[in-house]
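Reading the structure
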Amino acid sequence: MADIDIIIIGAFVALVSLVIVELAIIINSLRYTRQLLRIKDMHEAEIRRAHEKLKSVDKLKTEFMNMAAHELKTPMVPMVGYLQLIDKKKLDSEDRESLEIAIRNTKRLQRLVGDILDIAKLESKVMKFNMEEVRLESLANDAVSSAEPFAKEKKIYLKKVVPKNLPTIKGDAVRITQVLTNLLNNAIKFTDKGGITLKASKTGNSVLVQVVDTGIGIGRKDVGKLFTKFYQADSSGKRKYGGTGLGLAICKEIVKAHGGKIWVTSQLGKGSIFQFTLPSK
Amino acid sequence: MAIEDRPETLALIEKILKREGYDFVGYDNGEDCVKNYEKDKPDLILLDIMLPGIDGYKVFEKIKTMNKNQKIAFLSALDIGPQAQVKLFKFGMPKYISKPFDPDELVAKVKELLES
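Computed from a predicted structure; not experimentally measured.

**Notes on the overall build of chain A**
- Scanning chain A from N- to C-terminus turns up 8 helices and 7 strands.
- Within chain A, buried positions represent 36% of all 281 residues.
- Sequence separation of at least 24 residues holds for 69% of the intrachain contacts in chain A that already meet a minimum separation of 6.
- Only carbon and sulfur atoms are counted for the fraction: they give 60% of the accessible area of chain A, which is about 17,400 Å².

Here it is, written out as structure tokens:
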């Protein structure tokens, strides 16, 4: 055999070995790829199962909260209703006073139940928002007309300054009205002379809403804690002004869920400005 | 007419409305309301949503197929979230009175509905 033949055979054997090695690598890679795909499928199925589980837990949580709300409110219907049906004229002054205390406290309990359910739903993300394009002006009208009787009763003014060309916002009309009403009622509660102005203006890509009052104001140490659940500016205030101590915490959660911010600036003895932003559409 | 499964609440609605001089008929379930509808011919139906047997939404549909102009208002302690709003929207957004209600508030809403 000539040297050249040996070289050719050697080269051929080397080539075949190389091909075999390459094939082995390809086969192995395919095997690994298959294994990886299997693992990926397993993981995906696991993630899907976990997601389904989470979804059903979420559904259960929502159902539980809704049922709890319904069951807590149901016995309040005859409680509130029958107490108010009692003919006060037929009672002597002592019984009349007892009845008034019962009615006052039933209403307080009713507000408290409502507020606790709201904050629980907001914090557990069970509260669903009906987001639509809304005009702040019409919500402000609703809030002002529902707060007006209380301002009249205290003989203080209640003004609204909302420009007609304000951009619309994307939000839940019912919940934004709830925030406005809450802030207005709060302002009325803590204002004995002067009054309240509800203002709105455009600021960057947001709408800024301000509730300006000429009330008692809030001390520096209390300002930061006002939006905390059950926090009230001081214990004597709690007795004098009432309230559930949840209103501002609810406002904060609602504004937060809309992608806005809420804060307060205040001067003791001069008044407060509660303000919040909502992204405009 | 009112449909309400809690006897005390049904009696309360009856008391409030009769005091205002309205004729009243009440049922504690949806089936009886549907069965007696043609006989009773109410001007207004106050309808609870969570009822034993057929629920308030079903009662609403059945009554509306018998008389599409019948005035019906829901009266419920359920929270009206977006899902319920979609449902109500399909029904043409009927009036919704939330429980608990003040007697004066109920009377005012009934008057408003009857005059609309």
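**Side note on the overall build of chain B**
- Scanning chain B from N- to C-terminus turns up 5 helices and 5 strands.
- Reading the secondary structure of chain B in the N-to-C direction produces β-α-β-α-β-α-β-α-β-α.
- Expressed as a percentage of its 116 residues, the buried residues of chain B come to 47%.
- Considering only contacts in chain B between residues 6 or more positions apart, those separated by 24 or more positions represent 60%.

**Considerations on the sheet that holds strand 5 (residues 206-213) of chain A**
All names here are of chain A.
- Reading across the sheet, the 5 strands line up as 2-4-5-7-6 and stay open at both edges, with mixed pairing between neighbours. One side of each edge strand has no neighbouring strand; the edge strands of this open sheet are strand 2 (157-161) and strand 6 (262-267). Neighbour-to-neighbour, the strand axes of the sheet open up by a mean angle of 15°, direction not taken into account.
- Alignment of strand 6 against strand 7 (residues 271-279), held across 6 bridges, turns out to be antiparallel. Within strand 7, the residue paired with Val-264 across the bridge is Phe-274.
- Helix 4 (residues 136-153) contacts strand 2, strand 4 (195-203), strand 5 and strand 7 of the sheet and is inclined by roughly 175° relative to strand 2.

**Remarks on the packing of helix 1 (residues 3-73) of chain A against helix 3 (residues 93-123) of chain A**
Residues and elements named next belong to chain A.
- At a minimum axis distance of 11 Å, the contact between helix 1 and helix 3 shows a crossing angle of 180°. Between helix 1 and helix 3, the interaxial angle falls into the category roughly antiparallel. From helix 1, Met-65, Asn-66, Ala-69, Leu-72 and Lys-73 reach across to helix 3, where they touch Val-113, Leu-117, Ala-120 and Lys-121.
- Grouping the amino acids of the contact of helix 1 with helix 3 by side-chain chemistry returns 6 nonpolar, 1 polar and 2 charged.

**Notes on the pattern of salt bridges**
Residue and element names in this part refer to chain B.
- Enumeration according to the criterion identifies 20 salt bridges over all chains in this entry.
- With a shortest N-O distance of 2.8 Å, Lys-18 and Glu-14 are connected by a salt bridge. Here Glu-14 and Lys-18 lie together in helix 1 (residues 7-19), a separation of 4 residues that amounts to about one turn.
- On the accessibility criterion, Lys-18 (44% relative accessible area) is partly exposed.
- Ionic pairing is found between Lys-39 and Asp-40, a salt bridge with its closest N-O pair at 3.3 Å.

**Looking at helix 4 of chain A**
All names here are of chain A.
- In this model, helix 4 (18 residues) spans 26 Å end to end at C-alpha, consistent with the 26 Å of a helix rising 1.5 Å per residue.
- Where helix 4 bends most, the angle comes to about 40°, and this point is Ala-147, followed within four residues by the proline Pro-149.
- Turning to helix 4, its buried residues are Leu-136, Glu-137, Leu-139, Ala-140, Ala-143, Val-144, Ala-147 and Ala-151.
- Of the residues flanking the end of helix 4, it is Lys-155, one or two places downstream, whose phi is positive at about 55°.

**As for the nonpolar core**
All names here are of chain A.
- Counting residues in hydrophobic clusters, the biggest one holds 45 residues, and the most contacted among them are Leu-136, Leu-184 and Phe-276.
- Looking at this core, the elements with two or more residues in it are helix 3, helix 4, helix 5 (173-189), strand 4, strand 5, helix 8 (247-257), strand 6 and strand 7.
- Tallying contributions element by element places helix 5 first for this core, with 8 residues.
- With residues up to four places along the chain from it excluded, the contact list for Leu-184 reads Ala-143, Val-144, Ala-147, Leu-158, Ile-196, Leu-198 and Val-211.

**As for the interface of chain A and chain B**
- Every contact between the two is made by 19 residues of chain A and, on the other side, 19 residues of chain B.
- Across the chain A/chain B interface, buried area totals approximately 1,900 Å², and carbon plus sulfur atoms make up 63% of it.
- If you sort the residues of chain A by the area they bury against chain B, His70(A), Val77(A) and Leu85(A) come out on top, with a joint share of 32%.
- There are 2 salt bridges connecting chain A and chain B.
- Linking Glu71(A) and Arg6(B) is a salt bridge whose minimum nitrogen-to-oxygen distance equals 3.8 Å.
- The set of elements that each furnish at least two residues to the side of chain A that touches chain B consists of helix 1, helix 2 (76-85) and helix 3 of chain A.

**Re the layout of surface pockets**
- The volume enclosed by the second largest pocket comes to roughly 260 Å³.
- Lining the second largest pocket are 14 residues, with Met1(B), Tyr22(B), Asp23(B), Asp43(B) and Leu44(B) positioned closest to its centre.

**Here we look at a negative patch on the surface**
All names here are of chain A.
- Together, Asp-92, Glu-94, Asp-95, Glu-97 and Glu-100 give the surface a local cluster of negative charge.
- Along the polypeptide, Glu-97 turns up in helix 3.
- Using a relative accessible area of 49% as the deciding quantity, one classes Glu-97 as partly exposed.

**Section: the environment of Arg19(B)**
- The residue Arg19(B) is located in helix 1 in this model.
- Residues Arg19(B) and Val107(B) lie 88 residues apart in sequence; the distance between their C-alpha atoms is 9.9 Å.

**Points about the packing of helix 1 of chain B against helix 5 (residues 103-115) of chain B**
All names here are of chain B.
- Taken N-terminus to C-terminus, the directions of helix 1 and helix 5 make an angle of 65°; their axes are 10 Å apart at the nearest point. Of the two elements, helix 1 crosses helix 5, and the hand of that crossing is right-handed. In this structure, helix 1 contributes Ile-13, Ile-16 and Leu-17 to the contact, and helix 5 contributes Pro-103, Leu-106, Val-107 and Val-110.
- Counted by class, the contact of helix 1 with helix 5 contains 7 nonpolar, no polar and no charged residues.

Scoring rules and cut-offs
Residues numbered from 1 in each chain as written. Chains lettered and ligands numbered in written order. Predicted model: local features only at pLDDT ≥ 70, side-chain atom pairs only at ≥ 80, totals over all residues. Heavy atoms only, no water. Helix = DSSP H or I, 4+ residues; strand = E, 2+ residues; numbered from the N terminus. Buried < 20%, exposed > 50% of the residue type's maximum accessible area, 1.4 Å probe, protein only. Contact = heavy atoms within 4.5 Å. Areas by Shrake-Rupley, 256 points an atom, 1.4 Å probe, with all protein chains shown as cover. Pairing = 2+ DSSP bridges. Axes fitted to C-alpha atoms, helices over the stretch in contact; angles between N-to-C directions. Parallel < 35°, antiparallel > 145°, perpendicular 65-115°, else oblique. Nonpolar A, V, L, I, M, F, W, Y, C, P; charged D, E, K, R; others polar. Salt bridge = Lys/Arg side-chain N within 4 Å of Asp/Glu carboxyl O. Expected span 1.5 Å × (residues − 1). Bend = angle between axes of the 7 residues up to and from the residue. Core = buried A, V, L, I, M, F, W, Y, C linked by side-chain atoms within 4.5 Å. Buried area = accessible area lost by both parts, 1.4 Å probe. 1 Å grid on protein atoms, 1.4 Å probe; cavity = no way out; pocket = protein on both sides within 12 Å on 5 of 7 lines; lining within 4 Å. Points joined across faces, edges and corners; volume = space filled by probe spheres on them. Patch = residues over 30% accessible without salt bridge, like charges linked within 9 Å, V, L, I, M, F, W, Y side chains within 5 Å. Lys, Arg positive; Asp, Glu negative; His and termini not counted. Charge placed at Lys NZ, Arg CZ, Asp CG, Glu CD. Left-handed = near helix turned anticlockwise from the far one by under 90°.

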